[in-house]
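One-letter residues, chain by chain:
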Amino acid sequence: MSAADWEPEIDDIKAMRAENGGADLKAFMRAQIAAGKARRDDAPKPAAPPKPPGHRPGAWPTGTSPPGPPPERQIPKHIWDAAVRHYRNEEHFPDQPCDCGNCP
């Protein structure tokens, strides 16, 4: 059993107060406070690993760009233009018939 687990009785406290002008009681109380803090405080968190030099999160490396769509998703220009024209007609001229060529 350590000193931190021991609870003194009134006679023990009186004796500590009488010895060394109360220095023993002060030391005992400080030890009790330190033991309580040690039980209450969380363990320190580990430091974050160092970041690689020159790394900017979320950015592409200097002088490069993200890859484009895969070749199987390449849309021919005439189909793309017709889809854009259809969208534009629906958004800006909803009350007029569409002239995109795909609408009935």
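Source: prediction; values computed, not measured. (Residues numbered from 1 in each chain as written. Predicted model: local features only at pLDDT ≥ 70, side-chain atom pairs only at ≥ 80, totals over all residues. Heavy atoms only, no water.)

*Asks:* So what exactly am I meant to see when it comes to the overall build of the protein chain here?
*Replies:* Helix and strand counts for the protein chain stand at three helices and zero strands. Ordering the α and β elements of the protein chain from the N terminus gives α-α-α. As presented, the protein chain carries roughly 9600 Å² of accessible surface, and 57% of it is formed by carbon and sulfur atoms. (Helix = DSSP H or I, 4+ residues; strand = E, 2+ residues; numbered from the N terminus. Areas by Shrake-Rupley, 256 points an atom, 1.4 Å probe, with all protein chains shown as cover.)

*Asks:* Got a minute to help me understand unusual backbone geometry in this structure?
*Replies:* A negative phi angle characterises most non-glycine residues, just as the trans form characterises most peptide bonds. Residues other than glycine seldom take positive phi values, yet asparagine 20 does so here, at roughly 55 degrees. In this structure, asparagine 20 sits in the loop between helix H1 (10-18) and helix H2 (23-40).

*Asks:* Is there a simple way to explain H2 in this structure?
*Replies:* Turn by turn, an α-helix covers 3.6 residues, leaving residues three or four places apart pointing in a common direction. Over its 18 residues, H2 runs 26 Å from end to end, which matches the ideal 26 Å to within 8%, given 1.5 Å per residue. Contact partners of the buried residues in H2: H1. (Expected span 1.5 Å × (residues − 1). Contact = heavy atoms within 4.5 Å.)

*Asks:* Would you mind going over the pattern of salt bridges with me for this structure?
*Replies:* Think of it this way: side chains of opposite charge can pair up when their charged atoms draw near. This structure, assessed with the given rule, holds one salt bridge. In this structure, aspartate 81 engages lysine 77 in a salt bridge whose closest nitrogen and oxygen atoms are separated by 3.0 Å. Note that aspartate 81 and lysine 77 are positioned in helix H3 (residues 77-92) at a spacing of four residues, about one turn of the helix. On the accessibility criterion, aspartate 81 (31% relative accessible area) is partly exposed. (Salt bridge = Lys/Arg side-chain N within 4 Å of Asp/Glu carboxyl O. Buried < 20%, exposed > 50% of the residue type's maximum accessible area, 1.4 Å probe, protein only.)

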